[in-house]
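Each chain is listed here by its residues.
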Amino acid sequence: MKTATAVATEEKIRVQGVDLFYGDNQALYDINLSVPEGSITAFIGPSGCGKSTLLRTLNRMNDLIPGVKITGEVLVDGDNIYGGDTDVVNLRKNVGMVFQRPNPFPMSIYDNIAYGPRIHGIRRKKDLDVIVERSLQQAALWEEAKDRLHKSALGLSGGQQQRLCIARLLAVEPKVLLMDEPTSALDPISTLKVEELTQELKNKYTIIIVTHNMQQAARISDTTAFFLNGVMVEHGVTDGLFTNPGDKRTEDYITGRFG
Ligand SMILES: Nc1ncnc2c1ncn2[C@@H]1O[C@H](COP(=O)(O)OP(=O)(O)OP(=O)(O)O)[C@@H](O)[C@H]1O
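- Per an unreviewed UniProt entry, the protein is named Phosphate ABC transporter ATP-binding protein, and its organism is Tumebacillus avium.
- Taken verbatim from the UniProt record of the protein, the Subcellular location (unreviewed entry) comment is "Cell inner membrane".

So this is what it looks like as structure tokens:
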């Protein structure tokens, strides 16, 4: 399914020397990572290796967890998001996140999408109508949702709800989409739809996806990073990492010898 990537040269995100502690427990060790604009990066590795923790450092979602300490730098478009003057609300608009379980708000499909734009000051119905349609189109949900826009989002299937959550992010025009196991609660057909969607979105957005499904990483990502015990063991072009891993630990994991 993977399509040829436009040559991605601009660096969108750079992680430099990041250590992260939950209280006294260190969860990430000296992470260094460069993510090119317009690409899909997959994070893989066994449970508890720090994939979600690293993903959350990229839009400061860990700030919400008490006792977290982070050192090092995360640069988005060259700016250190842990620098003193970062507007975290704006950061999370630019670097949006989709979670494992779809979490639509208990309101209509339309209002779910319009929620973010309204918060950011867009009030005119005409403008909101355009954003709602565009976002649902981009998330490949328009055809299924257009006749029920004012019905509750909770009436959608799980797969539709996940695409709605993606549409809700797209409505505020982010630059980066962080996806934390976005298909793990979905059936195979919905999973395929979300995977196809990532291919359509990737030239416009930079996508980072945490997945336990190595076939999924191989199908959809341009580069893959393998983590173990809080360390990034290897990061490389996906095809190369799966066919010719550079590190024995990566090889053991992808061949199912542990994890
Ligand atoms: N809120 C938290 N408070 C304390 N420790 C945490 C918290 N979240 C994660 N950890 C710890 O940090 C380490 C990394 O967890 P993390 O959830 O990032 O791993 P993961 O690779 O995403 O795992 P999984 O694949 O199971 O989701 C684990 O040891 C975990 O117990």
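Picking up after the structure, the text goes on.
## Topic: the nonpolar core
- Formed by 63 residues in total, the largest nonpolar core has its most connected members in Phe43, Ile113, Ile166, Ala167, Leu177, Leu178 and Ile208.
- A per-element tally of this core places helix α6 (residues 158-170) first, with six residues.
- Once you skip the residues sitting within four places of it in the chain, phenylalanine 43 turns out to touch Lys51, Leu54, Leu55, Ile208, Val210, Ala225 and Phe227.

## Quick notes on the UniProt feature "domain: ABC transporter" (unreviewed entry) in the protein
- What UniProt calls "domain: ABC transporter" (unreviewed entry) maps, in this numbering, to residues 13-254.
- Segment residues 13-254 splits into 37% helix and 27% strand. End C-alpha atoms: 26 Å apart.

## Considering the sheet that holds strand β5 (residues 79-80)
- Taking strand neighbours across the sheet as the criterion, the four strands line up as β2-β1-β4-β5 in an open arrangement whose pairing is antiparallel. Every interior strand has two partners, whereas the edge strands, β2 (25-36) and β5, have only one.
- Across eight bridges, the pairing between strand β1 (residues 11-22) and β2 is antiparallel. Residue isoleucine 13 lies in a different strand from β2, and its bridge partner there is valine 35.

What counts, and where the lines are drawn
- Residues numbered from 1 in each chain as written.
- Predicted model: local features only at pLDDT ≥ 70, side-chain atom pairs only at ≥ 80, totals over all residues.
- UniProt positions renumbered as here; feature names shortened; annotations may be inferred.
- Core = buried A, V, L, I, M, F, W, Y, C linked by C-beta atoms within 7 Å.
- Buried ≥ 20, exposed ≤ 12 C-beta atoms within 10 Å, placed from the backbone.
- Helix = DSSP H or I, 4+ residues; strand = E, 2+ residues; numbered from the N terminus.
- Contact = placed C-beta atoms within 7 Å.
- Pairing = 2+ DSSP bridges.

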